[in-house]
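# Descriptive analysis of the structure
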Amino acid sequence: MNWSDQELIDGCKRRSKKHEEFFFKKYYGYVMGISLSYSKSRDLALEITNDSFMKCFDSFKKMDEAPSLKPWLRRITVNTAIDYYRKDKRLQNHLEADGETPVFDEVYAPDQLAFEDILKLLKQLPEDHQLVFNLYEVEGYSHREVADRLEITESSSRVYLTRAKSKLRQLVQLHMKEYAGR
């Protein structure tokens, strides 16, 4: 079946199992991709994906107007990932930055680095660093917004981002050395 997004939304509002199944299949890859970038394991990403779809289906019946689907799905998925993060682990050892946070150059990812390689490198970061990096660099949240969402201070957000970038630089260099040695 080739339903439009509006037809899918209308069907999902009526809780039509066919429409929900088709919606799930159509957007599964998109939502799973976002979930993978916010989780350390495929199993956790799958949980986040499934919960995100459940939240979507529950939200459809409350909608008056159809949203722009991909940004709406992204927001729900990111918020679901944050909920999982909060539930699993409260940030420990909230670090307070004393004074100015040192400024580092942006992470340089050479053209030879595939998307999958970048995801693997991100997954090697501590969970709190990965989450702050994704929210700030990928989603475009400010440090204040990151701090509010994760219930940390703005200075902690800056410290985590700085450490994430520093660690990523090291990981990229290691990866490139291994790549050159092949």
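My aim in this report is to walk through the structure given alongside it, one point at a time. Worth saying up front: this structure is predicted, and the values here are computed from it rather than measured.

Moving on to empty space enclosed by the protein. Taken as a whole and assessed by the stated rule, the structure comprises 1 cavity of 30 Å³ or more. Considered as a void within the structure, the largest cavity measures approximately 30 Å³ in volume. Around the largest cavity, the lining residues are Y38, L44, I48, A81, Y84, Y85, D88 and E127. Of all elements in the fold, only helix 3 (42-60) and helix 4 (69-88) reach the threshold of two or more residues within the lining of the largest cavity.

This part takes up the side chain of E20. The topology assignment puts E20 in helix 2 (residues 17-37). Judged by its relative accessible area of 7%, E20 is buried. Here the side chain of E20 touches R15 through a polar contact of 2.7 Å, side chain to side chain. What E20 contacts, discounting residues up to four positions off in sequence, is C12, R15 and F57.

A word on the nonpolar core. Core analysis: the biggest nonpolar cluster contains 28 residues, and Y38, V78, L131, V132, L135 and L150 have the highest contact counts within it. At the level of secondary structure, the elements contributing two or more residues to this core comprise helix 3, helix 4, helix 5 (115-123), helix 6 (127-138), helix 7 (143-150) and helix 8 (154-180). Of the residues forming this core, the biggest block, 7 residues, is contributed by helix 8. Core analysis: the next-biggest nonpolar cluster, separate from the first, contains 16 residues, L8, C12, F23 and V31 among them.

The subject of this paragraph is helix 4. Counted at 1.5 Å a residue, the expected span for helix 4 with its 20 residues is 28 Å, and the 28 Å between its end C-alpha atoms agrees. Taken together, the buried positions of helix 4 are occupied by L69, W72, L73, I76, T77, V78, T80, A81, I82, Y84 and Y85. Elements that come into contact with the buried residues of helix 4 comprise helix 1 (5-13), helix 2, helix 3, helix 6 and helix 7.

What counts, and where the lines are drawn
- Residues numbered from 1 in each chain as written.
- Predicted model: local features only at pLDDT ≥ 70, side-chain atom pairs only at ≥ 80, totals over all residues.
- Heavy atoms only, no water.
- 1 Å grid on protein atoms, 1.4 Å probe; cavity = no way out; pocket = protein on both sides within 12 Å on 5 of 7 lines; lining within 4 Å.
- Points joined across faces, edges and corners; volume = space filled by probe spheres on them.
- Helix = DSSP H or I, 4+ residues; strand = E, 2+ residues; numbered from the N terminus.
- Buried < 20%, exposed > 50% of the residue type's maximum accessible area, 1.4 Å probe, protein only.
- Polar contact = N/O pair within 3.5 Å; in protein donor to acceptor, adjacent residues only side chain to side chain.
- Contact = heavy atoms within 4.5 Å.
- Core = buried A, V, L, I, M, F, W, Y, C linked by side-chain atoms within 4.5 Å.
- Expected span 1.5 Å × (residues − 1).

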